[in-house]
Amino acid sequence: MVKQYGVSRESLREGLRLLEVQGMITIRRGPGGGPLVGTVDSANLGRMEALYFHLAGATYGELFDAWLFAEPALARMAAANPDVALRESTMAPYLSGDVEEEAHDNLDIYVSGHEGFHGAVAALTGNKVFQVTFRAYGQLVAHHLATVADVRTIHQTLAHDHVKLARVIIDGDSKKAEAMMRAHLTNIVNLHRANMGDLLEGDVEWL
């Protein structure tokens, strides 16, 4: 790469470091290591957005408003996807009615599992810009606020919501999917609002 781009080793290392911070690549250390192209992850965009939100003085209340606007729109578009077979195969993993009585002990794993469902919904929109940017709001809510309000306290409600939403998306009912997603998120937002108190009007933190 030094030869191809005509730059010094120091410039190359700095460029790779910046790409790594933004989640574009990972650097494998040791013999045989080097840069590896990363995967598209809205969480990486969310981390960068948090810095700009913080500098702009955006509050968590405003972040909630953005999330409540974005995710229902994703659900509507997912249900409107004309590929019936794709809707069925994408939502199939979330159709199980055997919802566990207890939430997972590890909060990070629990949150990532719920994020998997919302990521699958976003993927069905067929619009990668919406998929990445709109999902970033949800990633910010999940990762920034997990230490303030534990969503596992409403585990049963959220898990059953996913099952019902998956069925509606498969049925192709876009209006119902949008309304159900908004109600689903409202439960989570109300939990956070109740636990955050004055922090709700505080600036979004860059973590």
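Residues numbered from 1 in each chain as written. Predicted model: local features only at pLDDT ≥ 70, side-chain atom pairs only at ≥ 80, totals over all residues. Heavy atoms only, no water.

J.: What exactly am I supposed to notice about the packing of aromatic side chains here?
T.: Centre distance and the angle of the planes are the two values used to describe a pair of aromatic rings. In this structure the tally under the stated criterion is four aromatic pairs. Summarising the aromatic geometry, the rings of F69 and F134 are spaced 6.2 Å apart at their centres and angled 65 degrees between planes, so their arrangement reads as edge-to-face. Of the two residues, F69 sits in helix α4 (residues 60–79) while F134 sits in helix α7 (residues 128–145), which places them 65 residues apart along the sequence. What makes F69 exposed here is its relative accessible area of 59%. Using a relative accessible area of 14% as the deciding quantity, one classes F134 as buried. Here the aromatic rings of Y94 and F117 are separated by 5.2 Å at their centres, their planes lie at 80 degrees, and the arrangement is edge-to-face. With Y94 in the loop between α5 (84–91) and α6 (107–123) and F117 in helix α6, this pair connects stretches of sequence that are 23 residues apart. Exposure remark for Y94: the relative accessible area of 23% places this residue in the partly exposed category. Members of the aromatic cluster, each reached through a chain of ring pairs, are F69, F130, F134 and Y137. (Phe/Tyr/Trp six-rings, centres within 6.5 Å; stacked < 30°, edge-to-face > 60°. Helix = DSSP H or I, 4+ residues; strand = E, 2+ residues; numbered from the N terminus. Buried < 20%, exposed > 50% of the residue type's maximum accessible area, 1.4 Å probe, protein only.)

J.: Help me understand a nonpolar patch on the surface, please; the structure alone is not making it clear to me.
T.: The grouping of M1, Y5 and V7 at the surface amounts to a nonpolar patch, some 300 Å² of accessible area in total. By the secondary structure assignment, V7 is in the loop between α1 (2–5) and α2 (9–21). (Patch = residues over 30% accessible without salt bridge, like charges linked within 9 Å, V, L, I, M, F, W, Y side chains within 5 Å. Areas by Shrake-Rupley, 256 points an atom, 1.4 Å probe, with all protein chains shown as cover. Salt bridge = Lys/Arg side-chain N within 4 Å of Asp/Glu carboxyl O.)

J.: Please explain the packing of α4 against helix α9 (residues 174–196) as it appears in this structure.
T.: For any two helices packed against each other, one specifies the inter-axial angle together with the distance between the axes. Running from amino to carboxyl end, α4 crosses α9 at an angle of 160 degrees, the nearest separation of the two axes being 8 Å. One finds that α4 runs roughly antiparallel with respect to α9. Between α4 and α9 lies a crossing whose hand is right-handed. Contact residues: α4 offers Y60, G61, F64, D65, W67, L68, E71, P72, A75, R76 and A79, while α9 offers S174, A177, E178, M181, R182, L185, T186, I188, V189, H192, R193 and M196. (Axes fitted to C-alpha atoms, helices over the stretch in contact; angles between N-to-C directions. Parallel < 35°, antiparallel > 145°, perpendicular 65-115°, else oblique. Left-handed = near helix turned anticlockwise from the far one by under 90°. Contact = heavy atoms within 4.5 Å.)

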